[in-house]
Amino acid sequence: MLRAPIWDAETAERYDTPDSGMFAPEVVGPTVERLAALADGGRALEFAIGTGRVAVPLAERGVPVTGIELSRPMIDRLRTKVDEATIPTVVGDMATAVAPGEYTLVYLVFNTISNLLTQAEQVECFRNAARHLVPGGRFVIELWVPELRKLPPGQQAVVWHSEPGYVGLDMYDVLNQYAESHHFRFDESGQARLSRSPHRYIWPAELDLMAQLAGFELESRHADWTGGEFTADSRSHVSVYRLPPR
């Protein structure tokens, strides 16, 4: 399983990129609006809340939010934005940690379930979500689709994003369903800084089976937070699972 040292103090310090990348208003805005609607007037629990990229604006939108987060440095960064009373946060693993109370929504954004590096742990994450939800509650997952179709024979890496000053590529181990993301960031002198993160990738059909094992049914799947159609060419998806009503 991915442990806290990946998300250390140095990573937490440079994690936020205000108004750009995944912190851009056009990214955060639709995410928050959709989650607020799915919460349906109830409380929300974010697994791997991080520095509060989504939780803070969701709370400002009027949804009571609680978090679970393994990394204390990420929580420290969150605390520079809101206090514990505003967004209570439990230190622990999203597959096993328990937050007090019941929720109408549990959510997990930006591929975080893939940070759990075994299938068993990913299944436990679903079960943990189910434990926190009221009957009829929803579990929402944002996750990337593995880009294995881009791998020619003998090649293990795919460049998934590039822009001035940044190149991101994924190295795949298809035998073990494992990927390691490499992030190259270049400064003004041309020097590169590399950071890595390990993932166990999950196909949508496998994700649906994990949901069934935890008692969920698939309610909807879209390509993005605005409700775009999910197709064979979609690079990611937002999947909404729901527990049966009482």
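Residues numbered from 1 in each chain as written. Predicted model: local features only at pLDDT ≥ 70, side-chain atom pairs only at ≥ 80, totals over all residues. Heavy atoms only, no water.

## Points about the environment of Gln122
Step number 1: Note on placement: Gln122 falls in helix α5 (residues 119-132).
Step number 2: Not counting residues up to four positions away in its chain, the partners in contact with Gln122 are Ile113, Ser114, Leu116, Arg200, Ile202 and Met210.
Step number 3: A distance of 2.8 Å separates polar atoms of two side chains, one belonging to Gln122 and the other to Arg200. (Helix = DSSP H or I, 4+ residues; strand = E, 2+ residues; numbered from the N terminus. Contact = heavy atoms within 4.5 Å. Polar contact = N/O pair within 3.5 Å; in protein donor to acceptor, adjacent residues only side chain to side chain.)

## Some words on the pairing of strand β2 (residues 65-69)
Step number 1: Burial analysis of β2 places five of its five residues in the buried class, which makes it a mostly covered element.
Step number 2: Side chains Val65, Gly67 and Glu69 of β2 all project onto a buried face; the interleaved residues Thr66 and Ile68 project onto the opposite face, where all are buried too.
Step number 3: Bridging between strand β1 (residues 44-47) and β2 involves four bridges; their strand directions are parallel. Residue pairing in the sheet places Phe47 in a bridge with Ile68 of β2.
Step number 4: Tracing the backbone out of β1, into helix α3 (residues 55-60) and back to the parallel element β2 gives a crossover that is right-handed.
Step number 5: By the bridge criterion, three bridges tie β2 to strand β3 (residues 89-91) in an arrangement that is parallel. In the strand pairing of β3, Glu69 is matched with Val91. (Buried < 20%, exposed > 50% of the residue type's maximum accessible area, 1.4 Å probe, protein only. Pairing = 2+ DSSP bridges. Right-handed = clockwise from strand over helix to strand, strands pointing away.)

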